[in-house]
Amino acid sequence: MLRRLLLVACATTLGAVAAQAQNTPAPANAQAYIIWPPDGQVINAGKLWVRMGLKNTGVAPAGIDMANTGHHHLLVNTEPPPLDEPIPNDKNHIHFGGGQTEARLIDLPPGEYTLQLMLGDKDHFPHTPPIMSDQITITVAPY
Amino acid sequence: MTKTAVALLLASLLPGSLLLGPAAIAGDTPAPADAYLYIGWPNDGEVINAQRFRVWFGLRHMGVAPAGVEKVNTGHHHLLIDTDLPSDDQPIPNDRNHLHFGGGQTEAMVELAPGTHTLQLVMGDHDHVPHNPPVVSPKITITVR
């Protein structure tokens, strides 16, 4: 009985969070973009700084509930995740919940990579509509 | 703020300690030792053929948070135009020479008259006071045509 109650409580909580977070409005004209590297860039030595650009909105750390803000997520070799769930947190979805605006990537094996930015709200949900950059492709040269 | 007042009072009571004053009363918010602030664009010496242009703010090893948000290793950007660094123990002034980006913005459209201008970034904490040590970018000089 207690277990069932807990499950119901959990489901209710999750439902509430989803319904709430999905509605975080994106500021008008908000635009995420990758300042550097440019699409097609060849990277040497397997390391780079990705400079994350954001127009017409601000950066706030995860957990901060403030209008017209969000925090960066860098999608690596993956397509954008579902818009009604928190952005996954794994090696293909790198979170910058500390409000960082640059990402250091190191020890990348040679090959092609796609990069894309997606802003998340305080609960890591995409905004409505989502604030995403174009997806770019870079090549890490043999080293 | 209270601490600052006390420190100022102490400094004024002890003339011999005046030289130590600024270090002792700098902002109370610590900054990461390797925090690196720079102007991503324009470059130093850039000649810009437009009076309206975008400045982007570069920050490494530290995060951005809107003004009023107290979170470790974060701050918000201030763009200094044609002015030197303000006092590092008081809130950064808020005027046309000291632009605040308390919304957590990481770039800005700036409009400047033709001529030579200097630009410099400084981070402010949740109360707009520089960190300890202050996180400051190199100062660049640009020409607007």
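Scoring rules and cut-offs
Residues numbered from 1 in each chain as written. Chains lettered and ligands numbered in written order. Predicted model: local features only at pLDDT ≥ 70, side-chain atom pairs only at ≥ 80, totals over all residues. Helix = DSSP H or I, 4+ residues; strand = E, 2+ residues; numbered from the N terminus. Buried ≥ 20, exposed ≤ 12 C-beta atoms within 10 Å, placed from the backbone. Contact = placed C-beta atoms within 7 Å. Pairing = 2+ DSSP bridges. Axes fitted to C-alpha atoms, helices over the stretch in contact; angles between N-to-C directions. pLDDT = per-residue confidence, 0-100. Core = buried A, V, L, I, M, F, W, Y, C linked by C-beta atoms within 7 Å. Nonpolar A, V, L, I, M, F, W, Y, C, P; charged D, E, K, R; others polar.

J.: Help me get a handle on the overall build of chain B, residues and values and all.
T.: For chain B, the count of helices and strands is two helices and nine strands. Along chain B, helices (α) and strands (β) appear in the sequence α-α-β-β-β-β-β-β-β-β-β when read from the amino end. Looking at chain B residue by residue over its 145 residues, the buried ones come to 31%. Looking at chain B alone, contacts between residues at least 24 apart form 65% of all its contacts between residues at least 6 apart.

J.: Before we move on, can you summarise the overall build of chain A with the specific residues and values?
T.: If you tally the helices and strands in chain A, you get one helix and nine strands. When the helices and strands of chain A are listed from N to C terminus, the series reads α-β-β-β-β-β-β-β-β-β. Classification of the 143 residues of chain A by burial places 32% in the buried group. Of all intrachain contacts in chain A linking residues separated by at least 6 positions in sequence, the fraction that spans at least 24 positions is 69%.

J.: How would you sum up the sheet that holds strand S3 (residues 52–60) of chain B? Please name residues and give values.
T.: Residue and element names in this part refer to chain B. A sheet is described by the order of its strands in space; here three strands give the open sequence S1-S3-S7, paired in antiparallel fashion. Two strands close off the open sheet at either side, each with one partner strand: strand S1 (36–41) and strand S7 (107–111). Put simply, the sheet's adjacent strands are angled 30 degrees from each other on average, direction ignored. As judged from the five bridges shared by S3 and S7, these two strands associate in the antiparallel manner. When the sheet's bridge partners are listed, Arg-54 is paired in S7 with Met-109.

J.: A description of the confidence of the model for chain B should follow, citing residues and the corresponding values.
T.: Residues and elements named next belong to chain B. Looking at chain B as a whole, the pLDDT averages 87, with 82% of positions reaching at least 70. Here residues 1–25 is a poorly scored stretch, pLDDT under 50, and it has 13 contacts once near neighbours within four places are set aside; other chains count. Model confidence for the complex is summarised by a pTM of 0.83, with the ipTM given as 0.83.

J.: Just give me the short version of the environment of Leu-74 of chain A, but keep the residues and values in it.
T.: Residue and element names in this part refer to chain A. Looking at where Leu-74 falls in the secondary structure, it is placed in strand S5 (residues 69–76). Leu-74 sits in the buried class, given 20 other C-beta atoms within 10 Å. Leu-74 has contacts with Val-50, Ile-94, Ala-103, Leu-115 and Leu-117, leaving out every residue within four places of it along the chain.

J.: Could you give me a rundown of the nonpolar core, with the residues and numbers involved?
T.: In terms of nonpolar packing, the biggest core is built from 45 residues, with Val-50 and Leu-117 of chain A touching the most fellow members. Leaving out residues up to four positions away in the same chain, Leu-117 of chain A has contacts with Ala-32, Ile-34, Met-52, His-72, His-73, Leu-74, Met-132 and Ser-133 of chain A.

J.: Could you give an account of the interface of chain B and chain A, naming the residues involved and the relevant values?
T.: On the side of chain A, 18 residues touch chain B, which itself brings 18 residues to the contact. Listed by contribution, the elements that provide at least two residues to the side of chain B that touches chain A are S3 and strand S4 (63–64) of chain B. With four residues, S3 of chain B is the largest single contributor of residues to the side of chain B that touches chain A. Among the residues making up the side of chain B that touches chain A, the classes are represented as six nonpolar, nine polar and three charged.

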